[in-house]
Amino acid sequence: MHHINIALSTALLLCLLSCTEQEPPPPPEPSFAEQILGTWETIEVEATSPTYQGLDTTVHQVIREADWGRLFGVRPSRTLYTNDGKLRRTYYNADGVVTDVTNGLWREKGKDSLLVIEPNTTLNYHYQLEGERLTLRGTIDWDFDGEKDDNYRAVMRLVSRTSE
């Protein structure tokens with residue numbers, strides 16, 4: 001009788017374990033290439049140019065969100081990243097009228113880098129994505145002196161999501 005009770009208890013336990021609903025595993029985290037799709041507005045830029053415009057002068061600039069209109073008379077640029085590896089950066093004056101558009105290509109490089117190809121330049125950024133904030137860091141030619149020697153950081157805010 002003792003063996004029957006153990007067998008029944010074991011069978012009942014196995015049945016309960018197999019019959020209970022198990023939580024499905026959480027969905028996988030979307031890749032960076034999926035998360036970047038959409039329109040991003042540049043809200044802050046910081047650049048340090050050690051040989052500003054080719055001179056023996058170091059210039060450090062920080063442009064914060066409120067500075068775009070107040071100091072520069074423009075609205076922040078917006079960059080659209082699409083799933084076909086293309087990007088379009090649009091620049092606006094203070095009234096929201098488009099003043100310039102830059103088209104380019106983008107792709108994820110490794111686990112933390114973004115390659116951007118624009119007319120006449122190739123840029124490599126380390127990215128950090130935290131929710132709807134994207135920070136890009138790299139060494140670029142910010143001051144247009146022909147030398148990629150300027151430390152650059154841009155903070156962007158997601159404006160709209162797209163899967164295109």
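Residues numbered from 1 in each chain as written. Predicted model: local features only at pLDDT ≥ 70, side-chain atom pairs only at ≥ 80, totals over all residues. Heavy atoms only, no water.

Enquirer: An account of the packing of aromatic side chains is requested, with residue identities and associated values reported.
Expert: Counting across every chain of the model gives five aromatic pairs. For the pair Tyr-81 and Trp-106, a centre-to-centre distance of 5.9 Å together with 90° between the ring planes defines the contact as edge-to-face. Within this pair, whereas Tyr-81 is found in strand S3 (residues 74-81), its partner Trp-106 is found in strand S5 (residues 98-109), the two being separated by 25 residues in sequence. By relative accessible area, which is 2% here, Tyr-81 ends up buried. Ring centres 6.0 Å apart and planes at 40° place the aromatic pair Tyr-125 and Tyr-152 in the tilted group. Pair noted here: Tyr-125 is in strand S7 (residues 121-130) and Tyr-152 is in strand S9 (residues 150-161), with a separation of 27 residues, a long-range link. Three or more aromatic residues link up through ring pairs in this structure, and these residues are Tyr-125, Trp-142 and Tyr-152. (Phe/Tyr/Trp six-rings, centres within 6.5 Å; stacked < 30°, edge-to-face > 60°. Helix = DSSP H or I, 4+ residues; strand = E, 2+ residues; numbered from the N terminus. Buried < 20%, exposed > 50% of the residue type's maximum accessible area, 1.4 Å probe, protein only.)

Enquirer: Any chance you could break down the pattern of salt bridges for me, citing the residues and the numbers?
Expert: Going through the model one piece at a time under the given rule, you end up with seven salt bridges. A salt bridge links Glu-41 to Arg-78; the nearest nitrogen and oxygen atoms lie 3.1 Å apart. Here the residue Glu-41 occupies a position in strand S1 (residues 38-49), and Arg-78 occupies one in strand S3, the gap between them amounting to 37 residues. Exposure remark for Glu-41: the relative accessible area of 11% places this residue in the buried category. For the salt bridge of Glu-41 with Arg-157, the shortest nitrogen-to-oxygen distance reads 2.9 Å. (Salt bridge = Lys/Arg side-chain N within 4 Å of Asp/Glu carboxyl O.)

Enquirer: Could you give an account of the pairing of strand S4 (residues 86-93), with specific residues and numbers?
Expert: Here S3 runs beside S4; their pairing, made up of six bridges, is antiparallel. Along S4, the bridge assignment pairs Leu-80 with Arg-88. In sequence, S3 turns back onto S4 through a hairpin of four residues, with Gly-85 there showing a positive phi of about 80°. Here S4 runs beside S5; their pairing, made up of seven bridges, is antiparallel. When the bridges of S5 are listed, Tyr-91 appears paired with Asp-100. The loop that links S4 with its antiparallel partner S5 comprises four residues; one of these, Gly-96, has a positive phi angle of about 90°. (Pairing = 2+ DSSP bridges.)

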